[in-house]
Amino acid sequence: QVQLVESGGGLVQPGGSLRLSCAASGSMFRFYGMGWYRQAPGKERELVAVITRDGSTNYGDAVKGRFTISRDNAKNTVYLQMNSLKPEDTAVYYCNAQNGPAYWGQGTQVTVSS
């Protein structure tokens, strides 16, 4: 069982930046593929960004060029740097870990509004 704890969400104005963090429990973090997903009210959960165990990344079309995913295996943590935020980025952001089974965090709210 992997515990994932997200942090860093909040209220930000359009054009602003936030950095989300997701801390994972256990000693196997470096073997996990990690990802961020988001779900806005009334919409399905969608891919934001993923990073493989070897550091390869992939992004959803809506965030390409604005968001950056990274990982620090020494800290068991994955990050999502979000720049040039738009109101349509408003959602609950979920951290995901996968190595066979998939694990999810509880989510952190990001609200982009003036």
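Higher on the page you've got the structure.
Rules used throughout
- Residues numbered from 1 in each chain as written.
- Predicted model: local features only at pLDDT ≥ 70, side-chain atom pairs only at ≥ 80, totals over all residues.
- Heavy atoms only, no water.
- Salt bridge = Lys/Arg side-chain N within 4 Å of Asp/Glu carboxyl O.
- Helix = DSSP H or I, 4+ residues; strand = E, 2+ residues; numbered from the N terminus.
- Buried < 20%, exposed > 50% of the residue type's maximum accessible area, 1.4 Å probe, protein only.
- Disulfide = S-S within 2.5 Å.
- Core = buried A, V, L, I, M, F, W, Y, C linked by side-chain atoms within 4.5 Å.
- Contact = heavy atoms within 4.5 Å.

(A) A look at the pattern of salt bridges. One pass over the structure, following the stated rule, counts 4 salt bridges. Salt-bridge contacts for Asp89 lead to Arg66; the nearest nitrogen and oxygen are separated by 2.8 Å. With Asp89 in the loop between β8 (77-82) and β9 (91-98) and Arg66 in the loop between β6 (57-59) and β7 (67-72), the pair connects residues that are 23 residues apart, well separated along the chain. Of the two residues examined, Asp89 and Arg66, each falls in the buried class. One network of salt bridges, in which partners are shared, links Arg38, Glu46, Arg66 and Asp89.

(B) Local environment of the state of the cysteines. Under the defined criterion, the tally for this structure stands at 1 disulfide. Across the disulfide from Cys22 sits Cys95; the S-S distance is 2.1 Å. Between Cys22 and Cys95, the disulfide has an S-S torsion of -85° and is therefore left-handed. Of this pair, Cys22 sits in strand β3 (residues 18-24) while Cys95 sits in strand β9, and the two are 73 residues apart along the sequence. Neither Cys22 nor Cys95 differs from the other in exposure class; each is buried.

(C) Summary view of the nonpolar core. Leu4, Met34, Trp36, Val78, Leu80, Met82 and Tyr93 are the most contacted members of the largest nonpolar core, which has 30 residues in total. With residues up to four places along the chain from it excluded, the contact list for Leu80 reads Leu18, Arg19, Leu20, Trp36, Val48, Ala49, Phe67, Thr68, Ile69 and Tyr93.

(D) Just unusual backbone geometry, in detail. The residue Asn76 is not glycine, and still its phi comes out positive at about 55°. Tracing the sequence through the fold places Asn76 in the loop between β7 and β8. Overall, the relative accessible area of 16% leaves Asn76 in the buried class. Of note in the backbone geometry, Ser84 takes a positive phi value of approximately 50° without being a glycine. Within the fold, Ser84 resides in the loop between β8 and β9.

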